[in-house]
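A structural walkthrough
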Amino acid sequence: MRFIFRALMMLLVLAAVLAGAGWWWLNQPLPLSQPTLELEVEPGTTPRGVAREVVKAGVQTDARLLYAWFRVSGQDRQIKAGNYELTTGLTPYVLLQKLARGEESLKALTLVEGWNWRQVRAALAREEFLRQESAGMDDAALMQALGRPGVAPEGRFFPDTYTYAKGSSDLAVLRRALHAMDRRLADVWALRSADTPLKSPDEALTLASIVEKETGRAADRAQIAGVFTNRLRIGMLLQTDPTVIYGLGEKFDGNLRRRDLQTDTPWNTYTRAGLPPTPIAMPGKAALMAAVQPSQTKALYFVARGDGTSHFSASLDEHNRAVNRYQRGQQKP
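Residues numbered from 1 in each chain as written. Predicted model: local features only at pLDDT ≥ 70, side-chain atom pairs only at ≥ 80, totals over all residues. Heavy atoms only, no water.

1. Here we look at the overall build of the chain
What the chain contains, in helices and strands, is 13 helices and 6 strands. C-alpha extents for the chain along the principal axes are approximately 115 × 40 × 40 Å. Surface exposure of the chain reaches about 18200 Å², of which carbon and sulfur atoms provide 53%. Distance between charge centroids for the chain: 4 Å, based on 42 positive and 34 negative side chains. (Helix = DSSP H or I, 4+ residues; strand = E, 2+ residues; numbered from the N terminus. Areas by Shrake-Rupley, 256 points an atom, 1.4 Å probe, with all protein chains shown as cover. Lys, Arg positive; Asp, Glu negative; His and termini not counted. Charge placed at Lys NZ, Arg CZ, Asp CG, Glu CD.)

Dropping the structure here:
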């Protein structure tokens, strides 16, 4: 009996030592070959294969020990495929939680307020971690793939920062930006002023894109929208340079000339009345709100002062004096 008792005690002590060692190992940072490692787990990889991939990525430990931990934990079948970022301080316990929860490393793409569609496509093409599914598509095919056949892509994507997992489709990112703009536009359209001359959310989007491009200072945004709203209400030409520039496309060399203002395109608001046929850029939330809730103003004109602000005028004479002062360097009319 005494022998059996001693044997049991030794087994208990050994179990306690092993449990302590296991607990210590689970909570010790794993040595990494670099401060940050990229781990890719392909769909269908077995738990044993995942342990091997972890070591292959640069985690300096025994793959068999990792696999044993995956099995003992009971979470081995919960490990998810994906792209993971492993950083200094990572313990075996945290590693398994990351893999079981699918906490993939995320990249970020920022779409900037005021960008046009060409700039959006260029930004997507620069994202090396995105799967470039739209690269060979023209605009019509791309919008078809997004479920919006016949809709022009200009201005349809909300400017914001979008995170994505490595290997995600560029179409998936665009779809999120498209739906984000749908929501924002619906929200502001529901808040539109009762006397707005705008007839649809699409017109609000187009006006907002013009306001976005014309605004040098945020505080002027609603008043700029008020000027264009007043012009639309009385049938006056909008005569806004950003629409002309947009219509010129890649021909624009940075210098807007008188002949450009006189060259007719669908977007030239000097030669055509009303709003252009599409937005000219991506408006942000503030520009969208200004388009549907413009300032109540009598102004029909505005001119840049040169410091980012604008001078607003209700009459052509006042406007001409402002142009002389702020753009022609004449302090007096």
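Moving on from the model shown.
2. Considerations on the nonpolar core
Core analysis: the largest hydrophobic core is formed by 49 residues, its most contacted members being L111, V120, L146, F157, L174, F228 and L288. Those elements that provide at least two residues to this core are α5 (117–126), α6 (139–145), β4 (161–165), α7 (170–189), α8 (201–214), α9 (221–234) and α12 (285–292). Two domains each donate at least three residues to this core, and these are domain 2 (105–183) and domain 3 (193–325). Leaving out residues up to four positions away in the same chain, L111 has contacts with V120, F158, P159, D160, Y162, A177 and M282. With 23 residues, the next largest nonpolar core counts L32, A51, Y67 and L90 among its residues. (Core = buried A, V, L, I, M, F, W, Y, C linked by side-chain atoms within 4.5 Å. Buried < 20%, exposed > 50% of the residue type's maximum accessible area, 1.4 Å probe, protein only. Domains from an automatic or database assignment. Contact = heavy atoms within 4.5 Å.)

3. Re the layout of surface pockets
Of the voids in this model, the largest pocket is the one considered here, and its volume is about 910 Å³. Lining the largest pocket we find 30 residues, and of these Q239, D241, Y270, H319 and Q327 sit closest to its centre. Sorting the residues of the lining of the largest pocket by element identifies α9, α10 (241–248), α11 (258–262), β5 (301–304) and α13 (316–326) as the ones contributing at least two each. Classifying every residue of the lining of the largest pocket by side-chain character gives 14 nonpolar, 10 polar and 6 charged. Empty space within the second largest pocket amounts to approximately 180 Å³. (1 Å grid on protein atoms, 1.4 Å probe; cavity = no way out; pocket = protein on both sides within 12 Å on 5 of 7 lines; lining within 4 Å. Points joined across faces, edges and corners; volume = space filled by probe spheres on them. Nonpolar A, V, L, I, M, F, W, Y, C, P; charged D, E, K, R; others polar.)

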